[in-house]
Amino acid sequence: MNQTMNKRSTRDGFGRALEQLVKEDSNVVFLSGDLNDSLRMEWARKISPNKFIQSGIAEQNMVAMSAGLSLAGLTPFVGTFGAFMLRATDQIRVSVALSNLNVKFASSHCGLTVGQDGANAQVLEDLALFQALPNFTILTPADFNEAFEATLYAQKINGPVYIRLSREEVNDVSESPYDFTKASILRQGSDVAILTYGNLVNQSLQAAKILMEKESISVKVVNYHCLKPFDEESLIQTAKECNALVIVEEHQKFGGLASKTCQVLAENYNCPVEIVAVEDKFGQSGKAEELLNKYGLTTPNIIRAIKTAIARK
Amino acid sequence: MIDDKKIEDLENIAKQIRIDIVKMTTNANSGHPGGSLGSADIFTCLYFAGIMKYDAKQPNWPNRDYFILSNGHICPVWYATLSQAGSIEYDELLTFRKLDSRLQGHPTKSFLPFVEISTGSLGQGIGAAVGLSIGLRIKEMKNRVFCSVGDGELEEGSTWEAAMAASHYNCSNLIVFCDRNGLQQNGNTEDIIGLEPLSEKYRAFGWNVLETDGNNIQKIIEAFEQAKLSKNKPTIIFFKTLMGKGVDFMENDYQWHGKPLPEDLAQKALDILNSEKNLPNPPIPQKNQ
C-alpha cells in the first residue's frame, strides 16, 4: 500500500488484514467478547460469518475456547480491548503459552490514547505480561500498514502471537518491506537514537525532524515493531553508533521496551538512556492529546529527553 | 448389559491403577492420591470399555476422541491408566514429578505427547474442550471431546462461562464428567462454597445431565453410553465417587486430596488393595535414581 498522509488506526489495519486472511486461509477463525465491531472484525465477518465465534463478555472462556479451536487445527484470532485481555491472563499463560498453541491475540484500544473511557480502559501494563511469557511473539505496529502486515505475519508464525493495537488514528510512518525479525530503522542519525513503537513513532519522528532543522542534531529513529523476539543486535549497534538513547513508549516505564532495552544494554554496552513513558501511574479521562500532554508523552517531552541524553554522554 | 467376566476384568484394571497411584505419589513424596483413587473406575471405563477412541501408540491419531484433564492434579490416575493402555512404559510411572520426567506434576503438553493441552490451573480445560468441540464441527470431523473436571473446580467462574458457551453452540460432541466426591483441599465442597444443586444448575444452563455411581463399573459404562446419544446438547455426567476409594483409611477424608501417603501407610494401602483381588503379580518398577 502507498504511504499517504491519511490518518488511520492500527485496529483498522488489523481488521483489513483479517478480512484478507479469511478469504485466503480456511483455517482462520476469529473470536471476540462482544467487541467484534471495535476490533473491526465485522469486515471479515461479512466475508466469512461461520468463522466468527462470539464468546460474549467472557474473556476467560474466549481464550480457553481459542486454545481448543487451535487443537482442532484452526488458527484463531482473539480480539478484545487490551485492558480486558488481561482478565484472561491465567488462560493465556497455561492453556496457550505453556501449551505453545497457535493462537493470535489482538489487543486494541491500548494506551492512554483511548482517552475518555479513563484509567480502567487505558492498558499500560500488557507488555510486561506478554514479554515475560515464553513462546510468545509480540508485534507492536506503528500505523495502519504495519498493523496490516503484522497481522499477515502473525498468521505465518506457528505459535502464540500478541499484536498491540490502538484506536487512535495516526499518520502512516512505517516503511516496506516489512521484516518483523529486525527492528525497523525509519531515520538515520548519529548524535542520539530514539527507540520506540506504536502510536508514538509519529511524535518521535517529529522530534527528530525538529531537532535536525532547528539545532542540527542528528537523531536516529528505530521502530521496534517486534518486541519479542527482540532484535538485540540492532540495539547494540545503535547504542554504539549514537552513544545516547531515548526510549519512547505508551506503556508503563516498567515491563515494556524501556525495561527490555536497559536489560540488554546492562549485559552488553554502557550508554546513557532516557525514558519517555508513563511514570508508574494510572491514566484518567481526557482527550488523547490532553492525556499525552499530561503524562509527558509529547514531542516536546521527547526533545527534552534527547537533550538530557546528549548532555549525559 | 456387560457380562460379569468383563466387569471383573475392568475391576482388576482399576485396582492395578489404584496400586500404581499409591506407588507413584508415595515415591514422588508429593501429588494428589485422593481424587486419583476415587476416579480410577471412571478412567478404567473410559479407556478399556470401548468408550473413547484412542490409539495407545499414536497420540496424534486423527480419528481419536480428544481427552482433556481439566482437573490436572489427578493426573496420577491418568498416567497409571495410560500405562495400563500401553502408552507409557510401566517403569516410567516412578519418574512422576521428578526432574525431566514426561510425567509432570500436572499434565504439560511439551513433555508428554498424549497431553492435548497443559492443565493444572483449574477451570480452563473445560473451556478448551468447548472450543475444541466447536472447532471439530467447523472442520467437519466426527471426533468426540471428553473432559474431566473436579467438583471443587466448578467454583471457578470460568467453568460457568464455558457451560454457557457449550449449550449456546450445541456442543453435542462434548462429554464432560465430574468427579463428584464432595471434597476439596480444605474440606467439604458444600462448606467451602456450596455447589448444589449442581445438576439443576447444569440443566438450567442447557445441558444434558446424568448422575450415577462413579465407583460402579456397570453404571459408569451405561452413563457414558447414554451420553453419546445426546443429539443437540453437551452432556455432563456427575459421577458420585468416594475420595480415596479402595483404601479404607483414606476414604472420604479430604486430607488425602493433595498429600501422598508416607511409606508405612503406603505399604498398608498396597496390602489392602492387593488383598482385594487375585491379580497376577504386577511388575515391580525399578526406582528411578
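These numbers come from a predicted model, not from an experiment.

Q: What am I meant to see in the overall build of chain B here?
A: When its secondary structure is counted, chain B shows 9 helices and 7 strands. Computed over its C-alpha atoms, the radius of gyration of chain B comes to 18 Å, within 12% of the 19 Å expected for a compact globule of 289 residues. Of the contacts formed within chain B by residues at least 6 apart in sequence, a portion of 74% connects residues at least 24 apart. A total accessible area of about 11700 Å² is found for chain B, and carbon and sulfur atoms account for 48% of it.

Q: Looking at this structure, I do not really get a negative patch on the surface. What am I missing?
A: All names here are of chain B. Together, D3, D4, E8 and E11 line one region of the surface with negative charge. Looking at where E11 falls in the secondary structure, it is placed in helix α1 (residues 4–28). Using a relative accessible area of 34% as the deciding quantity, one classes E11 as partly exposed.

Q: Please explain the domain arrangement of chain A as it appears in this structure.
A: Quoted interface sizes are often the accessible area lost when the parts come together. All names here are of chain A. Domain boundaries in chain A define domain 1 (10–164) and domain 2 (184–311). Domain 1 and domain 2 are separated by 26 Å when their C-alpha centres are compared. Each partner contributes to the interface: domain 1 provides 29 residues, whereas domain 2 provides 32 residues. Taken together, both faces of the contact between domain 1 and domain 2 bury some 2300 Å²; the carbon and sulfur share is 53%. Viewed at the interface, domain 2 and domain 1 are joined by 0 salt bridges. Counting the contacts that link domain 1 with domain 2 gives 22 residue pairs in polar contact (both at pLDDT 80 or more).

Q: Explain the side chain of S70 of chain A here, please?
A: Mapped onto the elements, S70 of chain A comes out in helix α3 (residues 59–71). Setting aside residues up to four positions removed in sequence, S70 of chain A forms contacts with P76, L101, N102 and V103 of chain A.

Q: Looking at this model, I keep getting lost on the packing of aromatic side chains. Mind explaining?
A: Residues and elements named next belong to chain B. Summed over all chains, the structure comprises 26 aromatic pairs over all chains. Residues W160 and Y202 carry aromatic rings whose centres are separated by 4.9 Å and whose planes lie at 40 degrees to one another, so their mutual orientation is tilted. Pair noted here: W160 is in helix α5 (residues 157–168) and Y202 is in helix α7 (residues 198–204), with a separation of 42 residues, a long-range link. Of the residues examined, Y202 reaches a relative accessible area of 0% and is grouped as buried. Each ring, one from F177 and one from F239, has its centre 6.2 Å from the other, and the planes form 65 degrees; the classification is edge-to-face. Placement of the pair is F177 in strand β3 (residues 174–180) and F239 in strand β7 (residues 235–240), with a sequence separation of 62 residues.

Q: What is the right way to read the interface of chain A and chain B from this model?
A: With 26 residues of chain A at the contact, the number on the chain B side is 26 residues. Taken together, the two surfaces of chain A and chain B that pack against each other cover about 2000 Å², and 61% of this comes from carbon and sulfur. On the surface where chain A and chain B come into contact, there are 0 salt bridges. Where chain A packs against chain B, one counts 7 residue pairs in polar contact (both at pLDDT 80 or more). Listing elements by their share of the side of chain A that touches chain B, those giving two or more residues are β2 (52–54), α3 and α5 (89–97) of chain A. Among the elements that line the side of chain A that touches chain B, the one with the most residues is α3 of chain A, at 9 residues.

Q: Whenever I open this one, the side chain of T212 of chain B confuses me. Can you help?
A: With respect to the helices and strands, T212 of chain B occurs in strand β6 (residues 208–213). In this structure, T212 of chain B is in contact with K219, A223, F238, F239 and K240 of chain B, ignoring residues within four places of it in sequence.

Q: So what exactly am I meant to see when it comes to the environment of S30 of chain B here?
A: Residues and elements named next belong to chain B. Tracing the backbone through its elements, the reader meets S30 in the loop between α1 and α2 (33–48). With 228 residues separating them in the primary sequence, S30 and G258 have C-alpha atoms 7.6 Å apart. Excluding its chain neighbours within four sequence positions, the residues that come into contact with S30 are T25, F96, R97 and P260. At 3.4 Å, the side chain of S30 and the side chain of R97 are in polar contact.

Q: Looking at this structure, how should I read the packing of α1 of chain B against helix α3 (residues 75–85) of chain B?
A: Angle between the axes and distance between the axes are the two parameters that describe a pair of packed helices. Residues and elements named next belong to chain B. It is at 9 Å that the axes of α1 and α3 come closest, and there the two elements cross at 125 degrees. The orientation of α1 relative to α3 falls into the category oblique. Between α1 and α3 the crossing geometry is right-handed. Mapping the contact onto sequence places I13, Q16, I17, D20, I21, M24 and T25 in α1 and P76, V77, Y79, A80, T81 and Q84 in α3. Looking at side-chain class alone, the contact of α1 with α3 contains 8 nonpolar, 4 polar and 1 charged residues.

Q: Is there a simple way to think about the sheet that holds β7 of chain B in this case?
A: What holds strands together in a sheet is hydrogen bonding between their backbones, with the strands either parallel or antiparallel. Residue and element names in this part refer to chain B. Across the sheet, 5 strands lie side by side as β1-β2-β3-β7-β6; this open sheet has parallel pairing. The sheet is open, and its two borders are formed by β1 (66–69) and β6, each paired with just one other strand. Each neighbouring strand pair of the sheet contributes to a mean axis angle of 20 degrees, computed without reference to strand direction.

Q: Please clarify how the nonpolar core should be interpreted in this entry.
A: A general feature of soluble globular proteins is that nonpolar side chains tend to end up buried together. Residues F105 of chain A together with Y202 of chain B are the most contacted members of the largest nonpolar core, which totals 81 residues. With 7 residues, helix α4 (residues 125–138) of chain B is the largest single contributor of residues to this core. For this core, the domains that each give at least three residues are domain 1 (10–164) and domain 2 (184–311) of chain A. For Y202 of chain B, the contacting residues outside a window of four places in its chain are I126, L154, T159, W160, A163, W207, V209, I236 and F238 of chain B. Within the second largest apolar cluster, 60 residues are counted, among which are L46, I74, W78 and F239 of chain B.

Q: What's the story with the packing of α2 of chain B against α3 of chain B in this structure? I'm lost.
A: All names here are of chain B. Contact pair α2 / α3: the axes reach a minimum separation of 9 Å and the direction vectors enclose 35 degrees. Note on packing geometry: the crossing formed by α2 with α3 is right-handed. Together, S36, S39, A40, F43, Y47 and F48 of α2 and P76, V77, W78, T81, L82, Q84 and A85 of α3 make up the contact between the two elements. Split by residue class, the contact of α2 with α3 holds 9 nonpolar, 4 polar and no charged.

Reading the values: rules and limits
- Residues numbered from 1 in each chain as written.
- Chains lettered and ligands numbered in written order.
- Predicted model: local features only at pLDDT ≥ 70, side-chain atom pairs only at ≥ 80, totals over all residues.
- Heavy atoms only, no water.
- Helix = DSSP H or I, 4+ residues; strand = E, 2+ residues; numbered from the N terminus.
- Rg over C-alpha atoms; globule rule 2.2 N^0.38 Å.
- Contact = heavy atoms within 4.5 Å.
- Areas by Shrake-Rupley, 256 points an atom, 1.4 Å probe, with all protein chains shown as cover.
- Patch = residues over 30% accessible without salt bridge, like charges linked within 9 Å, V, L, I, M, F, W, Y side chains within 5 Å.
- Salt bridge = Lys/Arg side-chain N within 4 Å of Asp/Glu carboxyl O.
- Lys, Arg positive; Asp, Glu negative; His and termini not counted.
- Charge placed at Lys NZ, Arg CZ, Asp CG, Glu CD.
- Buried < 20%, exposed > 50% of the residue type's maximum accessible area, 1.4 Å probe, protein only.
- Domains from an automatic or database assignment.
- Buried area = accessible area lost by both parts, 1.4 Å probe.
- Polar contact = N/O pair within 3.5 Å; in protein donor to acceptor, adjacent residues only side chain to side chain.
- Phe/Tyr/Trp six-rings, centres within 6.5 Å; stacked < 30°, edge-to-face > 60°.
- Axes fitted to C-alpha atoms, helices over the stretch in contact; angles between N-to-C directions.
- Parallel < 35°, antiparallel > 145°, perpendicular 65-115°, else oblique.
- Left-handed = near helix turned anticlockwise from the far one by under 90°.
- Nonpolar A, V, L, I, M, F, W, Y, C, P; charged D, E, K, R; others polar.
- Pairing = 2+ DSSP bridges.
- Core = buried A, V, L, I, M, F, W, Y, C linked by side-chain atoms within 4.5 Å.

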